[in-house]
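Residues per chain, in single letters:
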Amino acid sequence: MLRKIGIALAAGALASTGALAQDTAKIGVVLPLTGGLAPVGKQVEAGIRLYMNKHGSTVAGKKIELIVKDDAGVPDNSKRLAQELIVNDKVAIVGSGITPSAMAIGPLSTQAKTANVVMVSGTSRVINPDNPYMVRTSFTLGQQSGIIAEWAAKNGSKKVAIVQSDWAPGAEATSVFTEAFTKAGGQVVETIKVPLANPDFAPFLQRARDANPDTLFVFVPASQAGTFAKQFAERGLDKAGIKLIGPGDIVDDNDLPGMGDGMLGVVTAGIYSAAHNSPTNKEYVAAFKKANGGLRPNFISLGGYDGMHLIYEALKKTGGKTDADSLIGAMKGMAWESPRGPISIDPDTREIVQNIYIGKVEKVDGELYNVEFAKFDAVKDPLKMKK
Ligand code: PHB
């Protein structure tokens, strides 16, 4: 009799863990939480957690379990961690970024048929036909760089020097900017590449100055704008009459409050400003600051926040089904209002489509902000449209 009860209990326990496993959808996110780009990973994670706190952790009858792993921005780590998440933890969805890590994880998520939401990467080719289960919620540098090139040409820039962080998103920023600016009649007099790790901008800025441009186009990734601005001012470039322009990365809201008045008047084409004027954004900024010790959300945080929205809404649409074909099918064409404005997922390319805003750095209530003053609606990734 006792033995029978034991067996029945064991069977019951098995059945209940089986049911539990089925009712849970695990999301495994791999991000740089240490190393040079740690502030990037932290903004993404803060965006993810804010979304979950606001919307709860049960979706379509599934309990959402979030697992966050730190790869220190090293692609070999990203690959190993994603492998563990997929094979051991059996995550239903992978979240990835930055560019080199997303590239390392891509083929794994394809082989395992696991949905992969790229929450931070600005490189067009990360989302491609060979990896059909990847979708992007961040941005591409191309989306921003062509627009600022045309704006600069229309607003008096004729000779531009480019200073570019030397990795994939930087290369795309440079190529899209150069093509658009040249087409508009301008000239790129010098393209200078700065190492990604521990950059010392001073010698590169000197070289740029020596090329005698009227305008400097700069791409540095989020979290390096502060260092850049400091060295820009130290070299006296803020007073040399050279206009500074770029994609939104150089006015990263995370760094902007400490960047100094030398940045006043800098014009960028970007996806987001903490000063974006909408009720949705005001609520987002207030909640983000409250949850993160007063830290401003930056354009990077949205890849995490909107990435979670995409996952939650896709799960609702599939009725909780987590196979990659169902999830990615549900994500294609999805449109919603983000704190950055209206966004959608292009059903043909799985790329984010979003407004690009031209903004200028100004003082608002004594603090530096990127104040948006012009808008380009529903911009697609220009490098994909070419193909
Ligand atoms: C990227 O991973 O491609 C990336 C990260 C941070 C940026 C821009 C691009 O600011």
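Residues numbered from 1 in each chain as written. Predicted model: local features only at pLDDT ≥ 70, side-chain atom pairs only at ≥ 80, totals over all residues. Heavy atoms only, no water.

Caution applies to low-pLDDT regions: their predicted coordinates should not be interpreted in detail. Summary statistics for the chain give a mean pLDDT of 94 and a share of 94% for residues scoring 70 or more. Counted against residues more than four places away or in other chains, residues 1-19, with its pLDDT under 50, gives 0 contacts. (pLDDT = per-residue confidence, 0-100. Contact = heavy atoms within 4.5 Å.)

What follows deals with the pairing of strand 1 (residues 24-31). Burial analysis of strand 1 places 6 of its 8 residues in the buried class, which makes it a mostly covered element. By the bridge criterion, 8 bridges tie strand 1 to strand 3 (residues 62-70) in an arrangement that is parallel. Within strand 3, the position partnered with K26 by the bridge is E65. Examined bridge by bridge, strand 1 and strand 4 (residues 93-97) share 3 bridges and lie parallel to one another. In the strand pairing of strand 4, G28 is matched with V94. (Buried < 20%, exposed > 50% of the residue type's maximum accessible area, 1.4 Å probe, protein only. Helix = DSSP H or I, 4+ residues; strand = E, 2+ residues; numbered from the N terminus. Pairing = 2+ DSSP bridges.)

Here the focus is the pattern of salt bridges. Applying the stated rule across the entire model yields 16 salt bridges. For E84, the salt bridge identified is with R80, shortest N-O distance 3.7 Å. Linking E84 with R80, this pair stays in helix 3 (residues 75-87), spanning 4 residues, or about one helical turn. A residue is classified by how much of its surface remains accessible, and E84, at 31% relative accessible area, is partly exposed. The partner of E367 in a salt bridge is R296, with the nearest N and O atoms 2.9 Å apart. (Salt bridge = Lys/Arg side-chain N within 4 Å of Asp/Glu carboxyl O.)

Glancing now at the site of the ligand. The environment of the ligand is formed by 15 residues, the closest being I98, T99, G122, A222 and D249. One nitrogen or oxygen atom from the main chain of G122 is found 2.8 Å from an oxygen atom belonging to the ligand. Within the contact set of the ligand, an oxygen atom lies 2.6 Å away from a side-chain nitrogen or oxygen of D249. Summarising the interface, the protein chains cover 100% of the accessible area of the ligand, which totals 280 Å² for the free molecule. Residue composition of the shell around the ligand, by class: 10 nonpolar, 4 polar and 1 charged. (Near = heavy atom within 4 Å. Polar contact = N/O pair within 3.5 Å; in protein donor to acceptor, adjacent residues only side chain to side chain. Areas by Shrake-Rupley, 256 points an atom, 1.4 Å probe, with all protein chains shown as cover. Nonpolar A, V, L, I, M, F, W, Y, C, P; charged D, E, K, R; others polar.)

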